[in-house]
Amino acid sequence: MIGFIGSVFSPWYHWSGRGNPANNCCINVATYGPGGRFTMTDRGASALRRANDTLRVGPSDMQWNGASLTISINEISSLPMVSRVRGQIIVTPDAITNVELPLTKDGAHVWRPFAPSSRISVQLEAKGWQFDGHGYFDANFGTRPLEHDFSYWTWGRYPTAAGATCFYDAARRDGTVLDAAIAFDPAGNATQIDAPPATPFKRTLWALRRETRADAGTTPHQIKPMLDAPFYSRSVVQTQINGEVVQGVHEALDLNRYRSPVLKPMLVVRVPRRANWTF
């Protein structure tokens, strides 16, 4: 679940010239498995309300009470399975970190992992979509389009016996690379670690290349597919870090593919536009 102000993968935001992020906002929700749904309605500025502790986009909102984040969802999923997605998710961090990681040298893009270890309670109004589990809470900020500064990146977050470990690897368009590896303990303390080698594993159905960090001599593999697009993949991946076998969420993003003008009309099917909203 992602809240966007300036919906970075919205074709409508791209076609607008990206001059007003507030005019292309959305609450993106994806559920997986049988009956899975995907919502990413691009909404205009009239749908956006912000306060220090609240983000509201049309019929859905997020509210922070100092200890937990309550996400109230009331959306319509996109094609091919159009239906209502409604309910509540509560994210309770184990601790809040103080980490901000600039992804470019000039700080135009920043990753803010608020709570790499959290607890979640999911209560959606659909059969089987009520559960408690382990969660994650972060944010990204940027002042330029991603495809202007990056050609490819991968990200992974793996729960470990000592907390959680995140890997952020990116190829920048200026020829430099980002290779961040950070371990978080349950108290939110962060430690930079020596990452095991970047290791490729099986490509997606769209032939998108993937890699993540893995101990020498081991090969990561996908446990569960989540989202599979021509330029983007999200999946549950198993790898080995410092002798520990772990499973976590992995993302791969090919921004050379994304900036192709051919893709934008394809995305309209998944990202409908609703310009007007009245509270």
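Residues numbered from 1 in each chain as written. Predicted model: local features only at pLDDT ≥ 70, side-chain atom pairs only at ≥ 80, totals over all residues. Heavy atoms only, no water.

Participant: Sorry, what's going on with the overall build of the protein chain here?
Facilitator: When helices and strands are counted, the protein chain shows four helices and 22 strands. In terms of principal-axis extent, the alpha carbons of the protein chain reach across some 55 × 40 × 40 Å. A total of 279 residues make up the protein chain; the buried ones form 49% of that total. Taking as baseline every contact in the protein chain between residues at least 6 positions apart, the subset at least 24 positions apart corresponds to 48%. Looking at the protein chain as shown, the accessible area adds up to about 13,500 Å², and 54% of this sits on carbon and sulfur atoms. With 29 positive and 23 negative side-chain charges, the protein chain shows a separation of 9 Å between the mean positions of the two kinds. (Helix = DSSP H or I, 4+ residues; strand = E, 2+ residues; numbered from the N terminus. Buried < 20%, exposed > 50% of the residue type's maximum accessible area, 1.4 Å probe, protein only. Contact = heavy atoms within 4.5 Å. Areas by Shrake-Rupley, 256 points an atom, 1.4 Å probe, with all protein chains shown as cover. Lys, Arg positive; Asp, Glu negative; His and termini not counted. Charge placed at Lys NZ, Arg CZ, Asp CG, Glu CD.)

Participant: So what exactly am I meant to see when it comes to the environment of Asn 20 here?
Facilitator: Within the secondary structure layout, Asn 20 lies in the loop between helix H1 (11-15) and strand E2 (25-30). What makes Asn 20 partly exposed here is its relative accessible area of 41%. For the pair Asn 20 and Val 268, spaced 248 residues apart in sequence, the C-alpha to C-alpha distance is 19 Å.

Participant: Is there a simple way to explain the side chain of Ser 233 in this structure?
Facilitator: Along the chain, Ser 233 falls in strand E20 (residues 232-241). Excluding its chain neighbours within four sequence positions, the residues that come into contact with Ser 233 are Thr 204, Leu 208, Arg 210, Leu 227, His 250, Glu 251 and Ala 252.

Participant: Sorry if this is basic, but what is going on with empty space enclosed by the protein here?
Facilitator: If a probe as big as a water molecule is rolled over the atoms, it shows which places are left empty. Inspection of the entire model under this criterion finds one cavity of 30 Å³ or more. By volume, the largest cavity amounts to about 30 Å³. Lining the largest cavity are Asp 94, Ala 95, Thr 97, Pro 116, Ser 117, Phe 184, Asp 185, Pro 186 and Gly 188. Partitioned by chemical class, the residues of the lining of the largest cavity number four nonpolar, three polar and two charged. (1 Å grid on protein atoms, 1.4 Å probe; cavity = no way out; pocket = protein on both sides within 12 Å on 5 of 7 lines; lining within 4 Å. Points joined across faces, edges and corners; volume = space filled by probe spheres on them. Nonpolar A, V, L, I, M, F, W, Y, C, P; charged D, E, K, R; others polar.)

Participant: Looking at this structure, how should I read the pattern of salt bridges?
Facilitator: Charged atoms that come close allow side chains of opposite charge to pair. Inspection of every chain in the model, using the stated rule, returns 12 salt bridges. A salt bridge links Asp 169 to Arg 213, with the shortest nitrogen-to-oxygen separation between them at 2.5 Å. Pair noted here: Asp 169 is in strand E14 (residues 163-172) and Arg 213 is in strand E18 (residues 210-213), with a separation of 44 residues, a long-range link. Here Asp 169 and Arg 213 have matching classes, each one buried. Linked through salt bridges whose partners overlap, the residues forming this network are Asp 106, Arg 144 and Asp 149. (Salt bridge = Lys/Arg side-chain N within 4 Å of Asp/Glu carboxyl O.)

Participant: In this structure, what is going on with the sheet that holds strand E19 (residues 221-228)? I would like to understand it.
Facilitator: By definition, the strands of a sheet pair up through backbone hydrogen bonds, in either a parallel or an antiparallel sense. What the seven strands build is an open sheet, ordered E16-E15-E14-E13-E21-E20-E19; its pairing is antiparallel. Whereas interior strands pair on both sides, the edge strands pair on one side only; in this sheet they are strand E16 (190-192) and E19. In this sheet, neighbouring strand axes are inclined to one another by 20° on average, regardless of whether the strands run parallel or antiparallel. Bridge count between strand E15 (residues 177-184) and E16: three bridges; the pairing is antiparallel. Across the sheet, residue Ala 183 finds its bridge partner in E16, namely Thr 191. (Pairing = 2+ DSSP bridges. Axes fitted to C-alpha atoms, helices over the stretch in contact; angles between N-to-C directions.)

Participant: What's the story with the pairing of strand E5 (residues 48-51) in this structure? I'm lost.
Facilitator: For a regular strand, the rule is simple: side chains alternate between the two faces of the sheet. As judged from the four bridges shared by E5 and strand E6 (residues 54-57), these two strands associate in the antiparallel manner. Residue pairing in the sheet places Leu 48 in a bridge with Val 57 of E6.

Participant: Help me understand the side chain of Arg 18 in this model?
Facilitator: Structurally, Arg 18 is set in the loop between H1 and E2. For Arg 18, a relative accessible area of 18% corresponds to the buried category. If we skip the residues at most four places from it in the chain, Arg 18 touches Val 8, Tyr 13, Pro 145, Glu 147 and Tyr 258.

Participant: What is the right way to look at a nonpolar patch on the surface in this model?
Facilitator: Among the surface-exposed residues, Ile 76, Leu 79, Val 82 and Val 269 lie close enough to one another that they form a single nonpolar patch of about 340 Å² accessible area. Of note, Val 269 is situated in the loop between helix H4 (263-267) and strand E22 (273-274). Residue Val 269 is classed as partly exposed on the basis of its relative accessible area, which comes to 46%. (Patch = residues over 30% accessible without salt bridge, like charges linked within 9 Å, V, L, I, M, F, W, Y side chains within 5 Å.)

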